Amino acid sequence: MTPVTDIARPALMREHLGAALRSERVTQGKTLRDVSRRAGVSLGYLSEVERGQKEASSELLAAICGALNVPMSHVIGDVAERMAVTERTITPLPLRPQATATAA
């Protein structure tokens, strides 16, 4: 059985967060190594967060935002905007009708 690959799906929050963090880092001209050192997180883990492969805890997010010298609320606001755009452009799959309880 081949997986379905042609159905668009909304990006996960971790993917939006990673994109927002990467965008901020690149805008500032910082490397992954710069941010990983300042945040006290491994370069590999930070890379996975930016690629949306790992969830960032609130502590890790605070450390990354501190390393970027950007308020966490700014990053979260960016994530919310990215999610809103995705939600407007992706047609959600229909929900399954709920089974109704039959009287016994």
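Refer to the structure printed above.
Cut-offs and rules
- Position numbers for residues count from 1 along each chain, tracking the sequence in the order it is written.
- Given that this is a predicted model, residues contribute local features only at a pLDDT of at least 70 and side-chain atom pairs are listed and counted only at 80 or more, while totals for whole chains, interfaces and linings are drawn from all residues.
- Hydrogens and water molecules were not included; the side-chain quantities draw on all heavy atoms of the structure.
- Each helix is a run of H or I in the DSSP string that is no shorter than four residues. Each strand is a run of E no shorter than two, and both are numbered from the N terminus.
- We call two N or O atoms a polar contact when they sit within 3.5 Å, provided that within protein one can donate a hydrogen and the other can accept it, with sequence-adjacent residues counted only if both atoms are side-chain atoms.
- Under the scheme applied here, a residue whose accessible area is under 20% of the maximum for its type counts as buried, over 50% as exposed, and between as partly exposed, the area being computed with a 1.4 Å probe on protein chains only.
- Taken from the helix axis, the directions to the C-beta atoms give the arc we talk about.
- Contact criterion: two residues are considered in contact whenever any of their non-hydrogen atoms come within 4.5 Å of each other.

A few words now on unusual backbone geometry. Phi is positive for Asn69, close to 55 degrees, though the residue is something other than glycine. Among the secondary structure elements, Asn69 is positioned in the loop between helix 4 (58–68) and helix 5 (72–89).

Tracing the sequence through the fold places Arg25 in helix 1 (residues 13–27). Of note is the side chain of Arg25, whose polar atom sits 3.0 Å from the backbone oxygen of Lys30. Among the polar contacts listed, one links the side chain of Arg25 to the side chain of Glu50, at a separation of 2.7 Å.

Turning to helix 3 (residues 43–50), its buried residues are Leu46, Ser47, Val49 and Glu50. Projection of helix 3 onto a plane perpendicular to its axis shows the buried side chains occupying an angular sector of 160 degrees, all on one side. If you follow the buried residues of helix 3, they end up packed against helix 1, helix 2 (32–39) and helix 4. Count one or two residues on from helix 3 and you reach Gly52, which has phi positive near 75 degrees.

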